[in-house]
Amino acid sequence: MKKILITGGAGYIGSHTAVELVNAGFEPIILDNFSNSEKSTLSGLEEILGREIICYEEDCNDREAVEKVFKQNQISGVIHFAAYKAVGESTQLPLNYYKNNIDSLLVILECMSKYGVKDLVFSSSCTVYGQPDVLPVTESTPRKDAESPYGNTKKICEDILSDYVKSKASVRIISLRYFNPVGAHPSSALGELPLGTPNNLVPFITQTAVGIREKLTVFGDDYDTEDGSCVRDYIHVMDLADAHVKSLEYLSKQEDHFYDIFNVGTGRGNTVLEVVQTFERVSGKSLNYTIGPRRPGDVVKVWADTSKINNVLGWKAQYSLEDSLRDSWNWQLKLGAVV
Ligand code: UD1
């Protein structure tokens, strides 16, 4: 069985990807420092898979520790999720973000080179498009200046990867630009575990509905959109997980020096108020919310053109927004009203 190292594999997207890797016949090996994830995720994985997944509790920036994992396992490919991802925090702690997100990628690339591992899937983000001039965005839509150090780390990492491939390094790499990941494993054994007050919309909604938060503030209803609230492309985390599996399978068929980029979204945009209404419908709960001021730095609207990933990787989102919000809600019900 091909062993795939997943850095940040105990995190939200990483853990769901571990499930889909096993389902596709790969053997995931998790490396995670648990700085933004919980040990309970490993139990959730075990519950779904019926067995343990190997996990190294190590930091991706620790070159010796990462090398040990490569030395002890015959790794065939890497999915590099591990990174800091809080936009607001990155404006306060930019050096932490640049150091953590960029150094860890360099450590991974150096170890891959030393141990002859060719295939890498990198977690990028639609944040690299900023506020696009034309919608939906394709992979060739020009990237904009990043709004935050977090966003800039994603741009820089993409550039590192493309320069590295241009140097004729013996690698095959895909960057996946995620739109807005939501939902949870349909069994409710895995889901998102935000630390403290959630920054993201859907965990804030489910925590409000379950009584942890008093009310949701919708950040602005006076934008130039259908109902005045911002538009995003919400993609179910299981669909996103599957895109990683499809990427690895595709990479294994490519020649060396390969680099490509794919959007991973549904191809549909939904407003914040549509998300709230859909949540109310699937959960049967009415949500306490208020309209507040715009959030500084928010993109007004962005959604993906998914033709490239549909045609080249044969991947298409299967879950609807209803499915996503139902699974997020069931996960929250399982967690209960505890933070
Ligand atoms: C942004 C980035 C994304 C990045 C993510 C990391 C863009 C387009 N997206 O996501 O690439 O990975 O940060 O966290 O740059 N909202 C409310 N009330 C809330 C919370 C959110 O109204 O309490 C609204 C926001 O204004 C936004 C939408 O919900 O319109 C989604 O917000 P959020 O979940 O924070 O994601 P993005 O900002 O899109």
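Computed from a predicted structure; not experimentally measured.

Calculation notes
Residues numbered from 1 in each chain as written. Predicted model: local features only at pLDDT ≥ 70, side-chain atom pairs only at ≥ 80, totals over all residues. Heavy atoms only, no water. Core = buried A, V, L, I, M, F, W, Y, C linked by side-chain atoms within 4.5 Å. Buried < 20%, exposed > 50% of the residue type's maximum accessible area, 1.4 Å probe, protein only. Helix = DSSP H or I, 4+ residues; strand = E, 2+ residues; numbered from the N terminus. Contact = heavy atoms within 4.5 Å. Domains from an automatic or database assignment. Buried area = accessible area lost by both parts, 1.4 Å probe. Salt bridge = Lys/Arg side-chain N within 4 Å of Asp/Glu carboxyl O. Polar contact = N/O pair within 3.5 Å; in protein donor to acceptor, adjacent residues only side chain to side chain. Nonpolar A, V, L, I, M, F, W, Y, C, P; charged D, E, K, R; others polar. Axes fitted to C-alpha atoms, helices over the stretch in contact; angles between N-to-C directions. Parallel < 35°, antiparallel > 145°, perpendicular 65-115°, else oblique. Left-handed = near helix turned anticlockwise from the far one by under 90°. Near = heavy atom within 4 Å. Areas by Shrake-Rupley, 256 points an atom, 1.4 Å probe, with all protein chains shown as cover. Pairing = 2+ DSSP bridges. 1 Å grid on protein atoms, 1.4 Å probe; cavity = no way out; pocket = protein on both sides within 12 Å on 5 of 7 lines; lining within 4 Å. Points joined across faces, edges and corners; volume = space filled by probe spheres on them.

A short note on the nonpolar core
Logical step 1: Membership of the largest hydrophobic core comes to 33 residues, with the highest contact counts inside it found for Ile6, Leu21, Ile79, Leu176 and Val264.
Logical step 2: Within the residue set of this core, elements represented by two or more residues are strand 1 (3–7), helix 1 (12–23), helix 2 (40–49), strand 6 (172–178), helix 8 (237–251), strand 11 (258–264) and helix 10 (307–313).
Logical step 3: The contacts of Val264, once residues within four sequence positions are left out, are Leu176, Arg177, Tyr178, Phe179, Ile235, Leu240, Ala243, Ile309 and Trp315.
Logical step 4: Counting residues in each nonpolar core, the second largest holds 29 residues, with Val78, Leu109, Met112 and Leu161 among its members.

Quick notes on the domain arrangement of the chain
Logical step 1: Per the domain assignment, the segments making up the chain are domain 1 (3–183 + 235–264) and domain 2 (201–232 + 267–304 + 319–334).
Logical step 2: For domain 1 and domain 2, the distance between their C-alpha centres works out to 26 Å.
Logical step 3: Domain 1 puts 17 residues into the contact, and the matching count from domain 2 is 15 residues.
Logical step 4: For the pairing of domain 1 and domain 2, the buried interface totals around 1,300 Å² over both sides, and the portion due to carbon and sulfur atoms is 65%.
Logical step 5: It is Gln131, Leu135 and His236 that lose the most area in domain 1 upon contact with domain 2, and together they represent 34% of the buried surface on that side.
Logical step 6: Inspection of the region where domain 1 meets domain 2 yields 0 salt bridges.
Logical step 7: Between the two partners, domain 1 and domain 2, sit 6 residue pairs in polar contact (both at pLDDT 80 or more).
Logical step 8: Only strand 7 (180–182) and helix 8 provide two or more residues apiece to the side of domain 1 that touches domain 2.
Logical step 9: Classifying every residue of the side of domain 1 that touches domain 2 gives 8 nonpolar, 6 polar and 3 charged.

Here's the deal with the packing of helix 7 (residues 201–210) against helix 11 (residues 321–335)
Logical step 1: Axis separation between helix 7 and helix 11 bottoms out at 10 Å; the angle between their running directions is 50 degrees. Taken together, helix 7 and helix 11 sit at an angle that is classed as oblique. Crossing of helix 7 against helix 11: the hand is right-handed. For the pair formed by helix 7 and helix 11, the contact residues are Val202, Thr206, Gln207, Ala209 and Val210 on the first element and Leu325, Ser328, Trp329 and Gln332 on the second.
Logical step 2: Across the contact of helix 7 with helix 11, the residue classes tally to 5 nonpolar, 4 polar and no charged.

Details of the site of the ligand
Logical step 1: Looking at the ligand, there are 21 residues lining it, with Ser125, Thr217, Arg232, Arg295 and Asp298 nearest.
Logical step 2: One of the side-chain nitrogen or oxygen atoms of Ser125 is found 2.4 Å away from an oxygen atom of the ligand.
Logical step 3: Contact between the ligand and Thr127: an oxygen atom at 3.3 Å from a side-chain N or O atom of the residue.
Logical step 4: Compared with its free state, where it exposes 740 Å², the ligand has 90% of that area covered by protein.
Logical step 5: Within the shell around the ligand, the residues separate by chemical class into 11 nonpolar, 6 polar and 4 charged.

Focus: the sheet that holds strand 1
Logical step 1: Taken in spatial order, the 7 strands make up an open sheet running 3-2-1-4-5-6-11, and their pairing is parallel. The open sheet is flanked by strand 3 (55–57) and strand 11, the only strands paired with a single partner. Across the sheet, the axes of successive neighbouring strands diverge by a mean angle of 15 degrees, strand direction being ignored.
Logical step 2: Helix 1 contacts strand 1, strand 2 (27–32), strand 4 (75–80) and strand 6 of the sheet and is inclined by roughly 170 degrees relative to strand 1.

Overview of empty space enclosed by the protein
Logical step 1: Across all of its chains, the model carries 2 cavities of 30 Å³ or more by this definition.
Logical step 2: Reported here for the largest cavity is a volume of approximately 100 Å³.
Logical step 3: Forming the boundary of the largest cavity are 14 residues, of which Glu192, Pro203, Thr206, Ser328 and Trp331 lie nearest the centre.
Logical step 4: When contributions to the lining of the largest cavity are tallied by element, the ones reaching two or more residues are helix 7 and helix 11.
Logical step 5: Considering only residue class, the lining of the largest cavity consists of 8 nonpolar, 5 polar and 1 charged.
Logical step 6: The volume enclosed by the second largest cavity comes to roughly 50 Å³.

Focus on the layout of surface pockets
A water-sized probe, rolled over the atoms, reveals where empty space remains.
Logical step 1: There is about 200 Å³ of room inside the second largest pocket.
Logical step 2: Taken together, Glu38, Ser40, Leu193, Pro194, Leu195, Gln207, Ile212, Gln332, Leu335, Val338 and Val339 form the lining of the second largest pocket.
Logical step 3: Here the residues of the lining of the second largest pocket are counted per class, giving 7 nonpolar, 3 polar and 1 charged.

Notes on unusual backbone geometry
Logical step 1: Residue Leu135 is joined to Pro136 through a cis peptide bond whose omega torsion reads -5 degrees.
Logical step 2: By the element assignment, Pro136 lies in the loop between strand 5 (119–125) and helix 6 (149–166).
Logical step 3: In the Ramachandran plot, Lys168 falls in the positive-phi region, its phi being about 70 degrees despite a non-glycine side chain.
Logical step 4: Along the polypeptide, Lys168 turns up in the loop between helix 6 and strand 6.
Logical step 5: Residue classification places Lys168 among the exposed positions, given a relative accessible area of 58%.

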